[in-house]
Each structure stands twice: as C-alpha cells, then as structure tokens.
Amino acid sequence: MSIKFGIISMAHVHADGYAKELSSKKALQGIYDEDEKRGSSAASKFQVRLYGDVEALLDDVDAVLIASPTALHSRYVRLASSRSRHILVEKPLAFSSSDAREMIDAASNVKFGICFGSRLSPVNQKVKEILSEKRIGKLNFARIRVAHSAALDKWFSQDNWFVRKELSGGGGLLDLGIHGVDLLYWLKGEPPSYAVGLTSNSTKAYGIDDQGIVAMAWEDGAIGEVEGAWTQRGGLNSLEIYGTEGSIVTNLPSRPISLFQSGHWSEITVDQKQKTVIDDFIEAIEKNREPIAPGRDGLISTAVMEAAYSTSPKELGLKRSRSYAGKPKHL
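Looking only at helices and strands, the protein chain features 10 helices and 14 strands. For 331 residues, the compact-globule estimate of 2.2 N^0.38 gives 20 Å, and the C-alpha radius of gyration of the protein chain, at 21 Å, lies within 12% of that figure. For the protein chain, the spread of C-alpha atoms along the three principal axes comes to 70 × 55 × 35 Å. Taking the intrachain contacts of the protein chain between residues at least 6 apart in sequence as the baseline, contacts between residues at least 24 apart amount to 67%. Surface exposure of the protein chain reaches about 16100 Å², of which carbon and sulfur atoms provide 49%.

Next up on the list: the pairing of strand β2 (residues 28-32). Look at any regular strand and the pattern is simple: side chains alternate between the two faces of the sheet. Within β2, four of the five residues are buried, which leaves it mostly tucked inside the rest of the structure. Bridge count between strand β1 (residues 5-8) and β2: four bridges; the pairing is parallel. The residue bridging G6 from the neighbouring strand is G30, located in β2. Taken together, β1, helix α1 (residues 15-24) and β2 form a β-α-β motif whose crossover is right-handed. Sheet analysis places β2 next to strand β3 (residues 49-51), joined by three bridges and oriented parallel. Counterpart to I31 in the pairing with β3 is L50. Since β2 and β3 lie parallel, the crossover through helix α2 (residues 36-46) that links them has a hand, and here it is right-handed.

Following the criterion strictly, the structure yields nine aromatic pairs and no others. Here Y206 and W230 contribute two aromatic rings whose centre-to-centre distance is 6.3 Å and whose plane-to-plane angle is 85 degrees, an arrangement assigned as edge-to-face. Taken together, the residues Y206 in the loop between β8 (194-200) and β9 (211-217) and W230 in the loop between β10 (223-229) and β11 (238-243) connect sequence positions 24 residues apart. Its relative accessible area of 4% is what places Y206 among the buried residues. Residue classification places W230 among the buried positions, given a relative accessible area of 0%.

This part covers the sheet that holds strand β13 (residues 257-261). With mixed pairing, the eight strands of this open sheet are ordered in space as β8-β9-β10-β7-β11-β12-β13-β14. Single-partner strands in this sheet number two, and they are β8 and β14 (264-268). Across the sheet, the axes of successive neighbouring strands diverge by a mean angle of 10 degrees, strand direction being ignored. One ladder, built from five bridges, connects β11 with strand β12 (residues 246-251); its direction is antiparallel. Bridging across to β12, L239 finds its partner in T250. The sheet strands contacting helix α10 (residues 298-310) are β8 and β9, and the helix crosses β8 at an angle near 55 degrees.

Here we come to helix α6 (residues 122-132). Turning to α6, its buried residues are P122, V123, N124, V127, I130 and L131. As for α6, its buried residues are in contact with β7 (139-147), α8 (172-188), β11, β12, β13 and β14. Two residues or fewer after α6 comes K134, characterised by a positive phi angle close to 60 degrees.

Moving on: the pattern of salt bridges. One pass over the full model with this rule turns up 26 salt bridges. D175 serves as the salt-bridge partner of K91, at 2.8 Å between the closest nitrogen and oxygen. Taken together, the positions of K91 in the loop between β5 (86-89) and α5 (97-106) and D175 in helix α8 put the pair 84 residues apart, joining distant regions of the chain. Each member of the pair, K91 together with D175, is buried.

Parameters at a glance
- Residues numbered from 1 in each chain as written.
- Predicted model: local features only at pLDDT ≥ 70, side-chain atom pairs only at ≥ 80, totals over all residues.
- Heavy atoms only, no water.
- Helix = DSSP H or I, 4+ residues; strand = E, 2+ residues; numbered from the N terminus.
- Rg over C-alpha atoms; globule rule 2.2 N^0.38 Å.
- Contact = heavy atoms within 4.5 Å.
- Areas by Shrake-Rupley, 256 points an atom, 1.4 Å probe, with all protein chains shown as cover.
- Buried < 20%, exposed > 50% of the residue type's maximum accessible area, 1.4 Å probe, protein only.
- Pairing = 2+ DSSP bridges.
- Right-handed = clockwise from strand over helix to strand, strands pointing away.
- Phe/Tyr/Trp six-rings, centres within 6.5 Å; stacked < 30°, edge-to-face > 60°.
- Axes fitted to C-alpha atoms, helices over the stretch in contact; angles between N-to-C directions.
- Salt bridge = Lys/Arg side-chain N within 4 Å of Asp/Glu carboxyl O.

Quick look at the structure:
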C-alpha cells in the first residue's frame, strides 16, 4: 500500500526532518505553507510540488503531517478530516481542552496521531513493561526533566512564532515539558486528576516563559513532577520513578535503565533501534490500528498544560524590607 503524504506548513523546527524522512520513503506528494516563501524553499529542496491552496493539497494525498504554528492546528485538522485524510500533528495538540475535544471529535473518521516520539523509545517501552509487571510495586512518585539551552543561546529570532504566545501557546514549559507530561501519563496508564504549575522568564531572552514545572496527582495518591526548560546547559534529561518495592532511574533517551530491587541496583540495557512517529503512523494506517500516540491522548497533555499555565502563584511576602527588623528565616 502506497500512502501519499502532504505536509501542511514547514513552520515547526522538526518539519524539515519530517519532509526528509517522507521524501526518502518516496511518500511526500507536496507541501502547503501559509508562508509562501518558506514553503517554496522546502518544496524546491525536496523536489515536490508547492501547493498554493491547502484544499488542493488535500485533494491529492491520503494523509497529512501538520507542522504549523499551534494556533493553526484546529483549522488544518478540521479541513483534513472533512476530506477524510489521515492526520499526524505536531505537539501540543491545542491551547485549550475545548479546542482539543473539538479536533478529536472532528477527526473521529480518520487515523489521528500526535508526534510524541518518546513513547517509541525502547528505553521508555522497557520502563512501561517493568511498571506493568509491578516489579517496583505501586508507583508513588515520578519525576522527569526535559531541557536544553534554547533561551541561553537564543536559538530563535524575536519574531519566530515559537516565542509568540498567541501562536505557540507557551514557551519552555509547554515546548519541552509536554513531552514529559505525555510520557508520565502513558507510563502510568491513566490520566491524572489534578495539575498545578509554575513558570518564569529567567533569561528574559524572549517575551515568554523559558522554564517551568508542573505537578500532577492521581486518585491513587501517586504524584508526577515534570520540568521543562530552555535554560539548562548539559542537564541530564532524566526519568525517575519510585514505587513501593523499588525504583527506576534513567537518563533519557539512550542510557541503560538503573533498577533498584531487593536492596540493590542493577542495569538493564535495551536495543536502541527505534521506529519514528512516521513509521508508526504509516503502519497504523496499513494495519488499521491506532497510532502509538492517538489524537485523543492530546487532550490529556493539553488539559494538564492548560492547568499549569492558569495557576496563580501565591505571594509569600518573605522579601527582606527596611521595615523588617528581624532576620529572615531560611525556608
């Protein structure tokens, strides 16, 4: 079965890689981009047709990969699903839970997937297996960090959609933390019931948050903590899981898994060969199964991030002032 793909927008930083992979599979039919100059450059690079109208592209393909600014996801998902075209979309799915639900409903007639590649990591799949076998007992606490130095090194221009909240929805926490949110939800096997977050703009490199944390809680008492940041150099993108009978620690994505059981640590090495989200999505279409990250799961990570960004931090009133005669207490 030969599946013809179109790419809708080359805006996302991963779009070029997606185009390269689809081109290598001889599956890329063409490109549409709301920025004609950007689209023309990509179409020339990959030697495919540049479509001036997104609906014309939809007429010629079986599936689309949407790599647009997040603010445009809803429009493109609706258009593609109205033509019964399968949809693979970049994360995050949406700004709000209501938008996510509407997209999921609209795309109920097609294969609908999200680019959460962490689920395809052999390390993460092994961790999920260990958890499902209850080898460390009941999960009590989990922590994940996903970070790099984008704000420190000013990877983006000031006018890039990625650092404009009205187009991206958020900065460092949303961009990177959403991978951790989705991963912890997938590993736990059920959505959290509560979420709270805190963000800051530490570097002031852009007019958007450059780091943040989000905490999630489940009805069974488990807590998950996710850190997402553009403010770290050489930080370990680590995963820690603590259960009643043991612990799992790994530095993502390719180092061995450290497993604590019966009072001692051991290492588990896994095969690092990994499918891509495109490989998985094509297989889902061909075998008529769900993608590993189905569109409906985009609602979970969207709802968590929506809560994280809407949280109002409480002013503690602990700043030293001239009128305060005592010594501040170390907290």
